[in-house]
Amino acid sequence: MEKPTFSWIVEATYDTVQTAAQVFISRDRDFEQIIFDSGKVDGSSIDSLGYSPPIHLKPRTRYFWKTKVWGETESGESETAWFETAKLDEAWQAAWITPNWEDNRIHPILYRSFNLPSRAVTARAYICGLGLYYFELNGKKVGDEYFAPYCNAYDQWIQYQTFDITDQITVGPNLVSIMLGNGWYKGRYGADGGCVDFYGDRFALICEIHITLENGDEWIVVTDPSWQAQPSPVIASDIFDGEMVDARIMKVVPSPNNSFDVSLIDLDTTRLEARRSLPVCINEEIKPVAIVYTPAGETVLDMGQNMTGWLRFKTSAPAGTRIHLLFGEILQEGNFFRDNLRTAKAEYTYVADGTDAVIEPYFTFYGFRYVKISGWVGDLNLDDFTGCVVYSRMDTIGEIETSNEKVNQLFKNAMWGQKGNFLDIPTDCPQRDERLGWTGDIQIFSGTACFNMDTYAFLSKYSYDLAKEQAKFDGIVPHIVPMANLSRGGSSAWGDAATILPWTLYEFYGDSDILEKQFGSMCAWVDYIKGIDESSGGRRLWTEGFHFGDWLALDGSDPASRKGGTPDYFIASAFYCYSARLAARAAKVLGKLNQADAYERLSAEVKAAIQKEYFTATGQLVTPTQTGYVLALFMDLVPDGQHEQAKNELIALLYKDNVHLQTGFVGTPYLCRVLSNIGANDLAYRLLLNEDYPSWLYAVNLGATTIWERWNSLNPDGSISSTSMNSFNHYAYGSIVEWMYRDMCGLNPSSGEDGLTGFRHARIAPKPDKTLQWARARYRSTAGFYESSWRIDDAGHLTIEIAIPFNASASVVLPDAQMGEILINRNLLFEGQQIGNNVELTLGAGCYKIEYLLREKVLQAVTESSSPNSILH
């Protein structure tokens, strides 16, 4: 809130351009206490994607704002929106408290009652509980979010949340009660199976409730030694292992017989910061599709979907009944299976109290499709069970649909993988004893993530944490963020999340604020690599240290290794060059021209060194691999005049592998994107549509409902290929979806270097192929709603439909088209430029239907230019 940014979208008008705009900010809804009025500002001088007015905000204050926009012929005013500040730099009146008992494993409820003399006009709670808290007021849950205060580097900063409790507070007696669980802070968490009490070994709570009464009086209720504690029904809780609840233990019955004093605990309140995490909520609910009675005699629920969250159930079991749930991802030989969860117990135990109850956990989540149930009394009824799908609350803003149902399922799998792993931090997997914020995974998936969902706040918070952790190690980016017990880092492609994430967010959302906030982190990472380079001879190559390499690629020479065949130091040097280039671009956007020049020179020097070290005189890579050529082409590392040779070498490698990918985490995100942009679009489609191993549709054919960690997580007969590192919900390879948006359907943001980011200006360049009859992408960008779709009929007629939002424009590339033969909205197109086999034109806001007859080239199953014989000659 130190620099609030405002944005708006015009959705309904016949006008196309914002000619002027005006922003009002007020202390009241009627705008009688205006604190800022921009006045009518020329449309080119006020950015609807990110407008940051010079305002000073007060703590604990609600503000209202609206905007008025003028087009060419009409104007309109938005409805009123609001935002509210938290405590800002206001000192805390509350203190941290902890239950006054010796056994730190006992889960507490901390509570206090108070009497309110008259009706509350406003009431806010500012609260943080460690490890996790579950907040109730007068016996009802406050808010709809779970796992607050969320997962971050607690040793450096701790988030608090604000809740509007006006409607829950009553005249007369009120009871505030907060249950605490272990969570990431104090439970088992981290790498290599995790460890307990890493960030802290005591439960703790701080809470400050501010109430304004109808007579204007102010009441404040704070945590202090007057609060009391009692054991909660939660006997045990853990992120990895699950939860046990004994309902016979009442939640809160204030009584001298079951209450304990609390004491102050020495935690620094200066570490408290207002929330950056989005609320984690139950965003969807699904019903189980079947009850499975296995050959082993087990009773198992099939949810029909690999999901993250938990199972809610209704029960009226007799007191003392112990209902036990185990969670797993797959069946093996028809039986429940969970060996791939490694040491994670992933269980839930409920001890009934004999009443009718609806049960769900408080402080844990699971990654699962199947639930093994034991201890159930009576017959199972599917209606008694609900799958609660839990992830950070983000709007879904993108969708893709094609004529191929298997491709459609692949897209859904990637979306479900994102939902399942975007629970406050971008985890690698949600089910086993890991669930960590691996930097490499989110780096390669970030483009897909930004197309699918509104991830700006989510990834901004993660980037903030990354910079915090990085600052402890002189620029080294940890392998995981927060790094918990894994205090190691510095791997290429993984650490490059420091540069790639901020640039991706800027590219998609058009707000330079993210670059400003992360610029120090971007520079620190590049400077760290440069320091290694200088200490090892200054050759402008990165040839030191541990690197994950092309993780889980299939072309490695050592079967025992999880790395592919592309040399680690080639990958490292490629990302050295790329990150320096992104730092230069960010510096240029921010007006830091001296730093822009310095990083641009560094990137050019690294590029020259790579060409000298890793390319032959004829443009061949010294160690030719799919990933090697993909990185060289995508990151512009190929020597001048040798691009054609590099393209041909990559295509030849693919034919050598029967047009099947061999890439791992590093090469896969760029593989199809490179192919579609070097004239081998047909090969990109073949890779997409391959159904045998290794391919994306291999998993779809075996019933996958999310993206797998390995290309062969299951063998063709359905048996699991390995249990040591084998997740069935691992989003990384879902990065193919970025190609589907950018190349198959053609939706691309501007490059970001021309100031037209955030889809203010798009490049729409669909690359159809006859292996699909049609494809369609819809995307709600920060500039507004885009659509790009195409359809090819049997006669070779191509129809492209495009929607461009108000105040935006697009450079449109029509593939295999000829000027003079194109209809646009049923009129012959006269404005456009013939560039080779394509026609390029610029379109403003509006809806367009473009029709023409494709040349024979685009209809060939395998084009002459990409056949192996012509390539090698």
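Presented here is an overview of the structure given in this document. Everything numeric in this text was worked out from a predicted model, so none of it was measured.

Attention now moves to empty space enclosed by the protein. As enumerated under the stated definition, the model contains 5 cavities of 30 Å³ or more in all. Taken as a whole, the largest cavity encloses approximately 110 Å³ of empty space. As for the largest cavity, its lining consists of L410, N413, S695, W696, A699, V700, T706, I707, W708, R710, W711 and Y733. Among the elements of the structure, α2 (405-421) and α13 (696-701) are those that each provide at least two residues to the lining of the largest cavity. Here the lining of the largest cavity takes 3 residues from α13, the largest share from any one element. Partitioning the lining of the largest cavity into residue classes produces 8 nonpolar, 3 polar and 1 charged. As a volume, the second largest cavity reaches approximately 60 Å³. Together, Y133, Y134, F135, K141, V142, E145, A148 and F163 line the second largest cavity. Looking at the lining of the second largest cavity, the element that brings in the most residues is strand β10 (residues 132-137), giving 3 residues. Among the residues making up the lining of the second largest cavity, the classes are represented as 6 nonpolar, no polar and 2 charged.

Another point: the side chain of T223. Along the chain, T223 turns up in the loop between β15 (218-222) and β16 (228-231). What makes T223 buried here is its relative accessible area of 0%. A distance of 2.6 Å separates a polar side-chain atom of T223 from the backbone oxygen of A95. Excluding residues within four positions of it along the chain, T223 makes contact with A94, A95, I97, L205, I206 and C207.

With 259 residues, the main nonpolar core has F147 and L814 as its most contacted residues. Sequence-distant contacts of F147, defined by excluding residues within four places in its chain, comprise L132, W184, V280, W310, Y362, F363, T364, F365, V390 and L423. With 16 residues, the next largest nonpolar core counts A21, V41, I46 and F83 among its residues.

Between helix α7 (residues 568-589) and helix α8 (residues 593-614), whose axes approach to 8 Å, the crossing angle comes to 160 degrees. It follows from the interaxial angle that α7 and α8 lie roughly antiparallel. As for the relative orientation of α7 and α8, their crossing is left-handed in sense. Between α7 and α8, the residues in contact are Y569, F570, S573, A574, Y576, C577, A580, R581, A583, A584, A587 and K588 and Q595, A596, Y599, E600, L602, S603, V606, K607, I610 and Y614, respectively. Here the residues of the contact of α7 with α8 are counted per class, giving 15 nonpolar, 3 polar and 4 charged.

A word on unusual backbone geometry. With an omega of -5 degrees, the peptide bond between L130 and G131 qualifies as cis. Note on placement: G131 falls in the loop between β9 (120-130) and β10. Of note, the bond from Y693 into P694 is cis; its omega dihedral lies within 30 degrees of zero at -5 degrees. Its location among the elements puts P694 in the loop between α12 (681-689) and α13. Here the phi dihedral of R435 falls at roughly 55 degrees; this positive angle occurs in a residue that is not glycine.

Moving on to the packing of aromatic side chains. Applying the stated rule across the entire model yields 57 aromatic pairs. Geometrically, the ring pair formed by Y154 and Y185 is edge-to-face, given 5.3 Å between the ring centres and 85 degrees between the ring planes. On the criterion of sequence distance, the pair formed by Y154 in the loop between β11 (140-141) and β12 (158-164) and Y185 in helix α1 (residues 183-186) is long-range, its members being 31 residues apart. On the basis of relative accessible area, Y185 is assigned to the buried category, the value being 5%. Here the aromatic rings of F313 and F385 are separated by 6.4 Å at their centres, their planes lie at 40 degrees, and the arrangement is tilted. Of this pair, F313 sits in strand β23 (residues 299-315) while F385 sits in strand β30 (residues 385-392), and the two are 72 residues apart along the sequence. Pair check on accessibility: F313 and F385 agree, each one buried. A connected cluster of aromatic rings, assembled from ring pairs, spans W438, W494, F546, F548, W551, F665, W696, W711 and Y733. Above the plane of the ring of W82 lies R62, whose end atom (NZ or CZ) is 3.5 Å from the centre. The residue whose ring lies beneath K87 is W92, and the NZ or CZ to ring-centre distance is 4.9 Å.

Quick look at α2 now. For an α-helix, 3.6 residues make a turn, and residues three or four places apart therefore share a direction. In this model, α2 (17 residues) spans 24 Å end to end at C-alpha, consistent with the 24 Å of a helix rising 1.5 Å per residue. Across the 17 residues of α2, 13 count as buried, placing the element largely inside the fold. Between the side-chain oxygen of the N-cap and the backbone nitrogen of K406 there are 2.8 Å, and the N-cap of α2 in question is N404.

The tally for this structure, following the rule as stated, stands at 0 disulfides. Free of any disulfide, C151 has its nearest neighbouring cysteine sulfur in C195, separated by 13 Å. C577 forms no disulfide, and the closest cysteine sulfur to it belongs to C523, at a distance of 16 Å.

All told, the structure shown has 48 salt bridges when counted by the stated rule. When the shortest N-O distance is used, the salt bridge between K472 and D155 registers 2.9 Å. In this pair, K472 is assigned in the loop between α4 (456-471) and α5 (497-509) and D155 in the loop between β11 and β12, connecting sequence segments 317 residues apart. Between R248 and D246 there is a salt bridge whose closest N-O contact spans 2.9 Å. Salt bridges linked by common partners bring R342, D428, R432, D433, E434 and E709 together as one network.

Glancing now at the environment of D37. If you trace the backbone, D37 turns up in strand β2 (residues 34-37). Accessibility expressed as a relative area gives 40% for D37, which makes it partly exposed. Taking the C-alpha atoms as reference points, D37 and S487, 450 residues apart in sequence, are found 49 Å from one another. D37 has contacts with Q22, V23 and F24, leaving out every residue within four places of it along the chain. A polar atom in the side chain of D37 sits 2.9 Å from the side chain of Q22. For D37, the side chain forms a polar contact with the main-chain nitrogen of G39, separated by 2.8 Å.

Scoring rules and cut-offs
- Residues numbered from 1 in each chain as written.
- Predicted model: local features only at pLDDT ≥ 70, side-chain atom pairs only at ≥ 80, totals over all residues.
- Heavy atoms only, no water.
- 1 Å grid on protein atoms, 1.4 Å probe; cavity = no way out; pocket = protein on both sides within 12 Å on 5 of 7 lines; lining within 4 Å.
- Points joined across faces, edges and corners; volume = space filled by probe spheres on them.
- Helix = DSSP H or I, 4+ residues; strand = E, 2+ residues; numbered from the N terminus.
- Nonpolar A, V, L, I, M, F, W, Y, C, P; charged D, E, K, R; others polar.
- Buried < 20%, exposed > 50% of the residue type's maximum accessible area, 1.4 Å probe, protein only.
- Polar contact = N/O pair within 3.5 Å; in protein donor to acceptor, adjacent residues only side chain to side chain.
- Contact = heavy atoms within 4.5 Å.
- Core = buried A, V, L, I, M, F, W, Y, C linked by side-chain atoms within 4.5 Å.
- Axes fitted to C-alpha atoms, helices over the stretch in contact; angles between N-to-C directions.
- Parallel < 35°, antiparallel > 145°, perpendicular 65-115°, else oblique.
- Left-handed = near helix turned anticlockwise from the far one by under 90°.
- Phe/Tyr/Trp six-rings, centres within 6.5 Å; stacked < 30°, edge-to-face > 60°.
- Lys NZ or Arg CZ within 6 Å of the ring centre and 35° of its normal.
- Expected span 1.5 Å × (residues − 1).
- Disulfide = S-S within 2.5 Å.
- Salt bridge = Lys/Arg side-chain N within 4 Å of Asp/Glu carboxyl O.

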